[in-house]
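# Understanding the architecture of this molecule
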Amino acid sequence: ITNECDFSNINELKRVNISEARSVILLSNCSESSGIDEKLISDVLSIKTIMAIISCQNGKNELPIIAEIFTEEKRELISFFKDDNIIALDSWDIMGKLLAQTSLTSGLEMVYNEMLSFEGCEVYFYKAEWNGVSFGGLPFHFKDGVPLGLYNEKDGLKLRPVKDYVMTPEDQVVILANDDSTINFKSAALLTPIDLTIFGKKKVRRSKNILILGWHNVGEVFIRESYDYLSKGTKINILFNHPTKELVTKVDEMKNKYEGFEITLANSNPMKLEDLQSINPFEYDNIIILSQNTDELNSDKIDSDTLIILLLLRNIKQESETEVTTNIITQILNSENQEIITQTDVDDFIISNKLITMILAQLSEKPLIKKLYDDLFSEDGSEIYVKPADLYFSEFPQTLRFGDLIGLTAKREEICLGIRKGNLSRDNSSNFGVRLNLPKDEVVIIQVDDYLVVLSEDEL
């Protein structure tokens, strides 16, 4: 139903036979760049629409209803329905969290892109007669699938339970698999992993120097989330051409709120070569490119500005006499521009509308998966990381089966979801080197520049 219709009107909903729908995705009635008053109006309209949809079902909701809600206050109101099928989410809050995680872990966007799409691997909830198997042994009882955790009505969702946990009849396994039709628990183990000695090396949490070119409200979420990940002393420099009073005020508020970070705002134009050169952009650990105009609503215009900045950065990079290790992360609003962006050596992409659309679509099919996303996108829960192979091995190359990698990472209380080949990290046709849920008996050769994709408590 488009905005041309009053989708909160019961008669309009009955006219489209809403009660016979499989699910409902309720999009906001304004853009993320709109003012707070417009957002509140949109949120109230969404709540009214949810109530109208329930009314069309004679007061008892049977539909998954996924609603975009901007304000936390109105999202809390949604919880008053006490219905797990009704889910309210803030799309841009999710994007900010993804942006923070991606800035820490190169290749993470490709992992999420596969998990969230309906192509490749997906997450499913699966139940079987477990016959007393432990969670640690569970992966080797599936030909297809990597168990991530378990779910039951009493205890809720638990990712990465202890490997000695014995599965109960009430437990569903949360599993990454190619298709629900290929998930099949076998009572006997299909593979026994080699008992490998883990290297046990740990990364050191450190501060970072981050350059933000442009601004968007998602940048505030990014800084908030980064405050939980990065150590004190992290420097964040924001470049914006003629910053508005609102942006100046916002930066001052963030300086006071995140005292461990050094946050600065410079009046500089990222779309001018000389302005970019003057700040030595490749001396930063990360460069994040956001919108160049906070009032701009045209996604193609925003993406075009991003492309120009990427070309300027590439020119500076080519003229650099030192090795460049800076990660460039862009926010792409129109997914159709992805292929163009990939030609500019950008390390990772945040394709906002595509990722959010995939999340909404998955939730409409499986509302229970919201519990998984709540955990993955929270700093306090288990998260997905793409970790260097030299954290696990002291010598290279290593030739072993994917099932052996699952057994090895379990010794660090991690779950191996796949690998990323370093030599393919710029190859679009190979999903930038990322492969998930490999056959457990597939032999892989791990080189020193490769990575393991793992579900872990932290990045260390």
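Only a predicted model underlies this, so the values are computations on that prediction, with no experimental measurement involved. (Residues numbered from 1 in each chain as written. Predicted model: local features only at pLDDT ≥ 70, side-chain atom pairs only at ≥ 80, totals over all residues. Heavy atoms only, no water.)

## Considering the pattern of salt bridges
To keep things clear, this is the line we draw: What counts as a salt bridge is simple: a side-chain nitrogen of Lys or Arg found within 4 Å of a carboxyl oxygen of Asp or Glu. Runs of H or I in DSSP of at least four residues are treated as helices and runs of E of at least two as strands, each being numbered from the N terminus.
Under the criterion given, the structure shown has 18 salt bridges. For K74, the salt bridge identified is with E73, shortest N-O distance 3.6 Å. With a shortest N-O distance of 2.6 Å, K411 and D195 are connected by a salt bridge. Remark: D195 occurs in the loop between β7 (172-177) and β8 (209-213) and K411 occurs in the loop between α13 (402-410) and β16 (415-420); sequence separation between them is 216 residues. Shared partners join several salt bridges into a network, and the residues in it are D93, K97, R224 and E225.

## Concerning unusual backbone geometry
Following F396, the chain continues to P397 via a peptide bond in cis, the omega torsion being 0 degrees. Looking at the element boundaries, P397 is found in the loop between β14 (383-388) and β15 (398-401). Even without being glycine, N280 reaches a positive phi, approximately 50 degrees. Along the chain, the position of N280 falls in the loop between α8 (273-278) and β11 (286-289). Even without a glycine there, the phi angle at N437 is positive, about 50 degrees. Summarising the element assignment, N437 is placed in the loop between β17 (434-436) and β18 (443-446).

## Notes on the sheet that holds strand β19 (residues 451-456)
The strands making up a sheet associate through backbone hydrogen bonding, with each pair oriented either parallel or antiparallel. Going by this rule: At least two bridges found by DSSP between two strands is the condition for calling them paired. Each axis is a line fitted through C-alpha atoms, and for a helix only the stretch in contact is used; angles between axes span 0 to 180 degrees, taken between their N-to-C directions. Throughout, a contact is declared for two residues whenever any of their heavy atoms are within 4.5 Å.
The strand order across the open sheet formed by four strands is β14-β19-β16-β17, and the pairing between neighbours is antiparallel. This sheet does not close on itself; its edge strands, each paired only once, are β14 and β17. Across this sheet, the average inter-strand angle for adjacent strands is 30 degrees, counted without regard to direction. As defined by bridge partners, β16 adjoins β17 across three bridges and the pair is classed as antiparallel. Paired with G418 across the bridge in β17 is L436. With respect to the sheet, helix α5 (residues 108-116) is in contact with β14, β16, β17 and β19, its orientation differing from that of β14 by roughly 135 degrees. The strands touched by α13 are β16 and β19; relative to β16, the strand with the most contacts, the crossing angle is about 130 degrees.

## Regarding the sheet that holds strand β5 (residues 146-152)
Taken together, four strands build an open sheet; the order of strands is β4-β7-β5-β6 and the sheet is antiparallel. Two strands lie at the open edges of the sheet, namely β4 (122-126) and β6 (156-159), each paired on one side alone. Strand-to-strand twist of the sheet, defined as the mean angle between neighbouring strand axes without regard to direction, takes the value 25 degrees. With five bridges connecting them, β4 and β7 associate as antiparallel partners. Within the sheet, the bridge partner assigned to V123 lies in β7 and is L176.

## With respect to the pairing of β8
What counts is decided by this rule: Partly exposed residues are those whose accessible area sits between 20% and 50% of the maximum for their type, while under 20% is buried and over 50% is exposed, using a 1.4 Å probe and protein chains only. Crossovers are marked right-handed if the path from the first strand over the helix to the second runs clockwise, as seen with the strands pointing away from the viewer.
Of all five residues making up β8, four are buried, and the element is well covered by its neighbours. Sheet analysis places β8 next to strand β9 (residues 235-240), joined by five bridges and oriented parallel. In the sheet register, L211 faces β9, and the bridge partner there is N237. Traced from β8 through helix α6 (residues 217-229) to β9, the parallel crossover comes out right-handed. Relative to β11, β8 runs parallel, the two being bridged by four bridges. Bridging from a neighbouring strand, L213 pairs with I289 of β11.

## Side note on the nonpolar core
In a soluble, globular protein the nonpolar side chains are often hidden away together inside. Applicable threshold: Residue types Ala, Val, Leu, Ile, Met, Phe, Trp, Tyr and Cys, when buried and joined through side-chain atoms within 4.5 Å, form a set referred to as a nonpolar core.
Core analysis: the largest hydrophobic core is formed by 101 residues, its most contacted members being W130, I212, I223, I384 and L405. The element contributing the most residues to this core is helix α4 (residues 91-104), with seven residues. Once residues lying within four places of it in the same chain are set aside, the contact partners of I212 are F222, I223, I236, N237, I238, L239, I288 and L290. Within the second largest apolar cluster, 18 residues are counted, among which are I47, A67, I69 and A88.

## So, the pairing of β18
The alternating pattern of β18 places V444 and I446 on a buried face, while none of V443 and I445, on the opposite face, is buried. Bridge analysis of β15 against β18 gives four bridges, and the strand direction is antiparallel. By the bridge assignment, T399 is partnered in β18 with I445.

## Structural notes on the packing of α4 against α5
Where we set the bar: In what follows, roughly perpendicular refers to angles from 65 to 115 degrees, roughly parallel to angles under 35, roughly antiparallel to angles over 145, and oblique to any angle outside these ranges. Three classes are used: nonpolar for Ala, Val, Leu, Ile, Met, Phe, Trp, Tyr, Cys and Pro, charged for Asp, Glu, Lys and Arg, and polar for all others, with Gly counted as polar.
Taken N-terminus to C-terminus, the directions of α4 and α5 make an angle of 130 degrees; their axes are 8 Å apart at the nearest point. Here α4 is positioned oblique relative to α5, judged by the angle of their axes. Residues L98, Q101 and T102 of α4 form the contact with α5, whose participating residues are L108, E109 and Y112. Partitioning the contact of α4 with α5 into residue classes produces three nonpolar, two polar and one charged.

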